[in-house]
Amino acid sequence: MSEQPTAGEAALAAPTTAREWLQCGTCARRYPLDEVRYTCDCGGLLAVERAAIALDRASVEARRLSRAPADQSGVWRFREAVLDVAREALVTHPEGATRLYERGGLLFKHEGENPTGSFKDRGMTVAITQAVRLGARAVACASTGNTSASLAAYAAQAGIPGIVFVPAGKVASGKLAQTLAYGARCLQVRGDFDAAMRLVREACDKLGIYLVNSINPFRIEGQKTIVWELLQDLDWQPPDWIVVPAGNLGNTSAFGKALREAKAAGWIDKLPRLAAVQARGANPFFRSFAEGFANRHRVAAETVASAIRIGDPVSHDRAVAAIRDTNGVVTEVSDEELMAAKRTIDGMGIGCEPASATTLAGVERLRREGTIAPRDRVVCVLTGHLLKDPEAAWRPEGLVEIEPTVAAVEAALGH
Ligand code: F0G
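Our subject in this report is the structure included herewith. (Residues numbered from 1 in each chain as written. Predicted model: local features only at pLDDT ≥ 70, side-chain atom pairs only at ≥ 80, totals over all residues. Heavy atoms only, no water.)

## A short note on the overall build of the protein
When helices and strands are counted, the protein shows 15 helices and 13 strands. Here the protein has a C-alpha radius of gyration of 22 Å; the compact-globule value for 415 residues is 22 Å, and the two agree. For the protein, the C-alpha atoms occupy an extent of roughly 95 × 50 × 45 Å along the three principal directions. Looking at the protein residue by residue over its 415 residues, the buried ones come to 56%. Partitioning the intrachain contacts of the protein with sequence separation of at least 6 by distance along the chain shows that 67% fall at a separation of at least 24. As displayed, the protein has an accessible area near 17700 Å², and 51% of this comes from carbon and sulfur atoms. (Helix = DSSP H or I, 4+ residues; strand = E, 2+ residues; numbered from the N terminus. Rg over C-alpha atoms; globule rule 2.2 N^0.38 Å. Buried < 20%, exposed > 50% of the residue type's maximum accessible area, 1.4 Å probe, protein only. Contact = heavy atoms within 4.5 Å. Areas by Shrake-Rupley, 256 points an atom, 1.4 Å probe, with all protein chains shown as cover.)

Next up, the structure:
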């Protein structure tokens, strides 16, 4: 027998002195943080793990008053629990620090208020910071629009080439314009999002490009802060429910990890329940939930909510853990229900894109079914901005063309 450890043993041993490491969610095998990989040799998804979170609520509160970019960022305000990296090395806009609105008895955390118009910036600041540390020569993602724009903005800031893979003809034009304006290369794949996702994984492996979809564990670390920030917004009094749209299941996974860690760190003493909401035409996770997660489903996805038109979500396994650990639920809503909910949210003067409105539609459904009680405190996470899908927001009845006369104004207003 050789005295030399095998490569596998070395990988298990190496990170034990490190403060952070990558760990498989399926078999618990560890890898060093600076290894470029997204899945374990067993096929399980990797997560960033650390020995313990050395951060208390008082420090987080103090940072909220500071002007330093790392403190102003709603992500890096939690840096000890996100990524151990020098402040000078952060690629931050800053992002996060979004508002929590109370309307109609519900709370809405508006992640559309992030720099590029969606929650994706929270994960992207961490993934691109890590890309720079790894010396990545280019970064890439598959996207239904928001991830592209976010990648493009952060890659531009870092000075790394960005490449996005989008389903041809299926992405809102404003998001494409934003992606191109920031200088990314845009490959329009003839196929759906799931085909673009498979292609980008293969292409990144073959060409040595760093993949920053939510399969990337550093994205998840950033997205955890949506939950931590909303808990902070609520003075650390957890709500009964956190409701989130579910597509590729990165957020659902991140929320589960955030809640487990917040409890372990002593920031909260009870866990809110997660409710993940899918569009009926893109509901593989709901189907799986309905069978007690006995099977994983894949569907050909079709819904008006382009952001969550996803039939084969990559983060399925860790999202299952998130729902189980929080005694959560998964539900589905029709396109009619989510568009009606969007009109309600727009009409509150907040506004969001169609995918985000699944939250309110989901709450309505879960209340009807008696799962959410009338007095439960509920936070809906609005993931994207109203202007992503202007066509979906269009209300022609509000638009009248007139001659430039006061008489015409009077006539138009019915005076
Ligand atoms: N809401 C919005 C606005 C999104 O853009 C996305 C995903 C989701 C919800 C679903 O989140 O994947 O974590 O379950 N958009 C990706 C993109 C696919 O490319 O922008 P998830």
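## Here's the deal with the pairing of strand β6 (residues 139–142)
Of the two faces of β6, both are covered, the one formed by Val139 and Cys141 as well as the one formed by Ala140 and Ala142. Once the chain exits β6 it traverses helix α5 (residues 146–158) before rejoining the sheet at strand β7 (residues 162–167), and the crossover so formed is right-handed. In terms of strand pairing, β6 meets strand β9 (residues 210–211) through two bridges, oriented parallel. In the strand pairing of β9, Ala140 is matched with Leu211. (Right-handed = clockwise from strand over helix to strand, strands pointing away. Pairing = 2+ DSSP bridges.)

## Considering the sheet that holds strand β3 (residues 46–50)
Spatial strand order, β2-β1-β3: three strands in an open sheet with antiparallel pairing. Two strands lie at the open edges of the sheet, namely β2 (30–31) and β3, each paired on one side alone.

## Let's talk about the site of the ligand
Around the ligand sit 21 residues in total, of which Ser143, Thr144, Asn146, Gly247 and Thr383 are the nearest. At a separation of 2.8 Å, an oxygen atom of the ligand approaches a polar side-chain atom of Asn146. Contact distances for the ligand include 2.8 Å between an oxygen atom and a backbone N or O atom of Asn248. Taken together, the residues that form the shell around the ligand break down as eight nonpolar, eleven polar and two charged. (Near = heavy atom within 4 Å. Polar contact = N/O pair within 3.5 Å; in protein donor to acceptor, adjacent residues only side chain to side chain. Nonpolar A, V, L, I, M, F, W, Y, C, P; charged D, E, K, R; others polar.)

## A word on helix α13 (residues 358–368)
Along α13, eight of the eleven residues are buried, which leaves the element largely enclosed by surrounding structure. Packing partners of the buried residues in α13 comprise β5 (106–110), β10 (241–245), β11 (273–279), β12 (329–333), α12 (335–347) and β13 (378–382).

## With respect to the pattern of salt bridges
Under the defined criterion, the tally for this structure stands at 31 salt bridges. Residue Glu20 pairs with Arg50 through a salt bridge whose shortest N-O separation is 3.1 Å. Residue Glu20 is found in strand β1 (residues 20–24), and its partner Arg50 is found in strand β3; the two are separated by 30 residues along the sequence. Residue class for Glu20 comes out buried when judged on its relative accessible area of 7%. Put simply, Glu113 and Arg99 hold a salt bridge, and the shortest N to O gap is 3.0 Å. Taken together, the positions of Glu113 in the loop between β5 and α4 (120–134) and Arg99 in the loop between α3 (69–72) and β4 (100–103) put the pair 14 residues apart, joining distant regions of the chain. With a relative accessible area of 25%, Glu113 lands in the partly exposed category. Via salt bridges that share partners, Arg64, Arg77, Lys109, Glu111, Arg122, Glu229 and Asp233 belong to a single interconnected network. (Salt bridge = Lys/Arg side-chain N within 4 Å of Asp/Glu carboxyl O.)

## Some points on the state of the cysteines
The tally for this structure, following the rule as stated, stands at zero disulfides. Considering cysteine sulfurs only, Cys42 is the nearest to Cys24, which forms no disulfide, with 3.6 Å between them. A relative accessible area of 4% means that Cys24 is categorised as buried. Among the cysteines around Cys141, which has no disulfide bond, Cys204 carries the closest sulfur, lying 9.0 Å off. (Disulfide = S-S within 2.5 Å.)

## As for the sheet that holds β6
Judged by pairing direction, the sheet is parallel, and its four strands sit side by side in the order β8-β7-β6-β9 without closing on themselves. In the strand order of this sheet, the two ends are held by β8 (185–189) and β9, each with one partner.

## A closer look at the environment of Ile220
Mapping Ile220 onto the fold places it in helix α8 (residues 217–233). Note: C-alpha distance between Ile220 and Gly123 (97 residues apart in sequence) is 6.1 Å. Every residue in contact with Ile220, bar those within four places of it in the chain, is listed here: Ser214, Gly250, Ser253, Ala254, Lys257 and Arg318.

## Re empty space enclosed by the protein
Evaluation of the coordinates by the stated rule reveals two cavities of 30 Å³ or more. Counting only elements with at least two residues in the lining of the largest cavity, the list comes to α5, α8 and α9 (250–264). No other element matches α9, which puts three residues into the lining of the largest cavity. Broken down by class, the residue content of the lining of the largest cavity amounts to ten nonpolar, 16 polar and three charged. (1 Å grid on protein atoms, 1.4 Å probe; cavity = no way out; pocket = protein on both sides within 12 Å on 5 of 7 lines; lining within 4 Å. Points joined across faces, edges and corners; volume = space filled by probe spheres on them.)

## Re the layout of surface pockets
Computed from the structure, the largest pocket encloses a volume of approximately 340 Å³. Lining the largest pocket we find 18 residues, and of these Gly25, Leu45, Ala47, Arg260 and Arg318 sit closest to its centre. Elements that contribute at least two residues to the lining of the largest pocket include exactly β1, β3, α8, α9 and α11 (316–325). In terms of residue class, the lining of the largest pocket is built from eight nonpolar, four polar and six charged.

## Comments concerning the packing of α4 against α8
The packing of two helices is summarised by the inter-axis angle and the distance between the axes. With their axes 7 Å apart at the nearest point, α4 and α8 run at an angle of 145° to one another. The element α4 and its partner α8 pack so that their crossing is right-handed. When α4 is examined against α8, the residues Lys120, Arg122, Gly123, Met124, Val126, Ala127 and Gln130 are found in contact with a partner set consisting of Phe218, Arg219, Glu221, Gly222, Gln223, Thr225, Ile226 and Glu229. (Axes fitted to C-alpha atoms, helices over the stretch in contact; angles between N-to-C directions. Left-handed = near helix turned anticlockwise from the far one by under 90°.)

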